[in-house]
Amino acid sequence: MFIAKEIKKQKKISLFKNVPVLAFVMLISVFSAQCRVSGYLSFVNVLIASLSGIWGVFSFVASAVTYIFTDSLKEGFVQLGGMTILLGVRLVSNRKENRIFEGLITAFSLIICTLVSSAVERTSSQLFVYRMVSSVLCGCVVYFSFGIKKRLVNDGKISLYGIDGIVVSLIYMLLITTLCNAQLYTMNVGRMLGVFATFLFAKKYRISGGGICGALTCFATLLCSPSLAYNTLVLSTAGIIGGLVAVMGKIPMIAGFVMTSVFGLVVGGINDDTFMIMTDIAVATVLFVVLPQNSEEALLSVFSRRKIKSDKASKVVSDRVNFASMAMSDVKDRISSISKELDKHDKNYNDNSKQLRELLCEQLSATKCLLDDISRDTKDFEKFDSELTEKARIIFGKYNIPAEGICVYNDANDNLYVEAYKQGKLTCDVMKLTVDLSMALEVELSMPNTVYLNGITKMTFSKASLYKIISGAKQIASSDKDFCGDTLDRVWITSSKYMIILSDGMGTGKRAKLDSSFAVDLITRFTACGISPITALKFINSILRVKGWDESFATADIALFDTCGGYVKFVKSGAHASYIARDGSLIKVESKAFPLGILPCVSPSENEYKIFDGDMVIVASDGVNEKAIRKALNEIRKNELKPNQIAELICGYVKEYSTDVKTDDISVCVSLVSEA
């Protein structure tokens, strides 16, 4: 009766839609009701009932049925009694979710049942202490779990920092302890999943992740069965070793973990559990090896090592900028519709007015993209870390850099960034500043990228890069007496983002050089200020169309490297193909977009590729053919050459294979990727 009334009150809940949830709650309740911690019945099913909300009724039923069939109903009195009081109070009070109330009622209901059980039946002091400690622990876990749930909904992350990290560790230990009761042939399910989790966290968090996860697995196994814990102790050391070599890659990390485990087990002495734990390690290793990279990232994407503080002000700013962007788009659409109406009704109206309206629409479109960039960047400050920012401000203060313009935040890929602004040029010891800042923030930072503009210096520090880029270039004019119409520039936008820009002005000589250098200079200035390459090209397209020169056209070819994330993005507008040479093969990156300055609306192409150690990225102008590049690659395999030498070699083969009467300008930039 009570169950039916409670379900009816939840108008938005459909029993049919929540059948999977119901089945899951009942299944884990049945399993946890059979589990034991140090020989005593586990309290995990009470946690499940408390955290399940309305579905806690089904957890109670599943636990009661399990106790009856396993002949442990009398022993499970405290758990069933606690769930009865908990659910009864919840039904009567009809409260909204309140973590203080839920935590207190969970703890008090279990404590009351423990005292009643001890008064009615004589129990050992050890069992009484176990029940009292478990009661308090259940209340604390429920209280903090509701807090974590709220932050997960708001921020999309679970923090592994501070109190949240302790609660996550407790939940992890309870999960492993519960699953350690499950035996599948010669494999212990809990211990196998513990090894798998140690692999995951060792890869992402290195020594700290592997060591802590291994130690928690050992303790969780000890709570379940001391006999299982003897061999499991080796996992904490194996986790540390695995995390230590994780920087070398996935396979070395696995090898380090497995070798340490086997060595420790052999030295510790062969026993009945030795081959069982080896089976657990083997199964976990296979699962980790076959796990796709995207699935691995998805499993860990919910966790953050930093204390998460959502900056509501930054969200408001981002939403306002986004709204302004939409308003700009609406104005552009209205002007376009007016122009179309004028076209229909007045065929003789001023062509200059029509062209001006088109240019205005183009400028509004580019401005909309600019506002979108600002909105997207502002959202990054939702991951602003106030505690690390305070630490950074103390360090900058020692170097007489004002604290007002300093912040520490994580980007969309959870990479740590430090931004600082200073009046005037930077005069301090930058290397010493970087070292001190790295020690204060407990993360290895790269040397900062600095930009000086109008009396203000902007410094951007980022986490030490996974890769380093070494590049070399060669340019040859079509005629010895002429200017090279191509312009090539290489610049570090931040300490982890490296950009190559190549522009080919229409034609050859001085005029082509003016157009291409103009385009490259603007691209560099725009991107250095945080504007995306796509938005920068849209602005430059509009500028070239109103520059006042006849046929003011230029191509744009951008290769943007992210040395932390490990990828390269190609942005092209009318540009020649680029190439990625990898393991003897050649990946061709092409574009069908028009050059800048021709059409009112430009649509640059975007292609993103993962980069690996040993990759060679070649950006070239249209005077370079693929045959020359392939010939140069064959030569490179025989001799180890530097990027400048490779660029010169390619240019030499281009001239050799050129059959045109009128040669074009030749520009080649070669970038070698290697692990940092």
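For clarity, every value in this text was computed on a predicted model and none was experimentally measured. (Residues numbered from 1 in each chain as written. Predicted model: local features only at pLDDT ≥ 70, side-chain atom pairs only at ≥ 80, totals over all residues. Heavy atoms only, no water.)

Draft legend 1. Representation of the environment of K572. Summarising the element assignment, K572 is placed in strand β15 (residues 567-573). The exposure class assigned to K572 is buried, which follows from its relative accessible area of 0%. The spacing of K572 and K592 is 20 residues in sequence and 8.5 Å in space, taken between C-alpha atoms. Sequence-distant contacts of K572, that is, excluding residues within four places in its chain, are made with A556, D557, A577, S578, V589, E590, S591, A593, P604 and S605. Polar side-chain contacts of K572 include one of 2.8 Å to the backbone oxygen of H576. (Helix = DSSP H or I, 4+ residues; strand = E, 2+ residues; numbered from the N terminus. Buried < 20%, exposed > 50% of the residue type's maximum accessible area, 1.4 Å probe, protein only. Contact = heavy atoms within 4.5 Å. Polar contact = N/O pair within 3.5 Å; in protein donor to acceptor, adjacent residues only side chain to side chain.)

Draft legend 2. Molecular detail of the nonpolar core. Core analysis: the biggest nonpolar cluster contains 39 residues, and F199 and M253 have the highest contact counts within it. Contributions of two or more residues to this core are made by α8 (162-179), α9 (189-224), α11 (234-244), α12 (250-268) and α13 (274-290). Counting residues per element, this core draws most heavily on α9, which supplies 14 residues. Leaving out residues up to four positions away in the same chain, F199 has contacts with M253, I254, F257, A284, T285 and F288. (Core = buried A, V, L, I, M, F, W, Y, C linked by side-chain atoms within 4.5 Å.)

Draft legend 3. Region of interest: a nonpolar patch on the surface. Taken together, the side chains of F77, I85, I100, L104, F108, I112, V116 and V120 define a hydrophobic patch exposed on the protein surface, amounting to about 720 Å² of accessible area. Elements with a minimum of two residues in the nonpolar patch: α5 (77-93) and α6 (99-120). It is α6 that contributes the most residues to the nonpolar patch, 6 residues altogether. (Patch = residues over 30% accessible without salt bridge, like charges linked within 9 Å, V, L, I, M, F, W, Y side chains within 5 Å. Areas by Shrake-Rupley, 256 points an atom, 1.4 Å probe, with all protein chains shown as cover. Salt bridge = Lys/Arg side-chain N within 4 Å of Asp/Glu carboxyl O.)

Draft legend 4. The arrangement of α8 in detail. If you check α8, its first and last C-alpha atoms are 26 Å apart, about what 18 residues at 1.5 Å a residue would give, namely 26 Å. Taken residue by residue, α8 has D164, G165, V167, V168, Y172, M173, I176, T177, T178 and L179 as its buried positions. (Expected span 1.5 Å × (residues − 1).)

Draft legend 5. Inspection of the environment of T123 at higher detail. Topologically, T123 is positioned in the loop between α6 and α7 (125-155). T123 sits in the partly exposed class, given a relative accessible area of 23%. Ignoring sequence-local partners within four residues, the contact set of T123 consists of S118, F128 and R131.

Draft legend 6. View of the sheet that holds strand β14 (residues 556-562). Read across the sheet, 5 strands follow the order β12-β13-β14-β15-β18 without closing on themselves; strand pairing throughout is antiparallel. The sheet is open, and its two borders are formed by β12 (486-494) and β18 (605-610), each paired with just one other strand. For this sheet the average axis-to-axis angle between neighbouring strands, irrespective of direction, equals 15°. As judged from the 8 bridges shared by β12 and strand β13 (residues 497-504), these two strands associate in the antiparallel manner. (Pairing = 2+ DSSP bridges. Axes fitted to C-alpha atoms, helices over the stretch in contact; angles between N-to-C directions.)

Draft legend 7. Layout of the packing of α9 against α11. For the pair α9 and α11, interaxial distance at closest approach is 11 Å and the crossing angle is 35°. Along the contact surface, α9 presents R191, V195, T198, A202, R206, I207, G210, G211, G214, A215, T217 and C218, while α11 presents L235, S236, G239, I240, G242, G243 and L244.

Draft legend 8. Region of the structure containing the sheet that holds strand β8 (residues 416-423). Read across the sheet, 4 strands follow the order β7-β8-β10-β9 without closing on themselves; strand pairing throughout is antiparallel. Each edge of the open sheet carries a strand with a single partner, namely β7 (406-410) and β9 (449-453). Between one strand axis and the next, the sheet turns through 15° on average, direction left out of account. Sheet analysis places β9 next to strand β10 (residues 456-462), joined by 5 bridges and oriented antiparallel.

Draft legend 9. Layout of the pattern of salt bridges. This structure, assessed with the given rule, holds 12 salt bridges. With a shortest N-O distance of 3.4 Å, K432 and D436 are connected by a salt bridge. On the criterion of helical spacing, the pair formed by K432 and D436 is a turn pair, its members being 4 residues apart in helix α18 (residues 430-441). Assessed through its relative accessible area of 45%, K432 is described here as partly exposed. On the accessibility criterion, D436 (22% relative accessible area) is partly exposed. In this structure, the salt-bridge partner of K572 is D557, at a minimum N-O distance of 2.8 Å. Of the two residues, K572 is situated in strand β15 and D557 in strand β14; the sequence distance between them amounts to 15 residues. Assigned by exposure class, K572 and D557 land together as buried. Here the salt bridges share partners, and the residues they tie into one network are K588, E590, E626 and R630.

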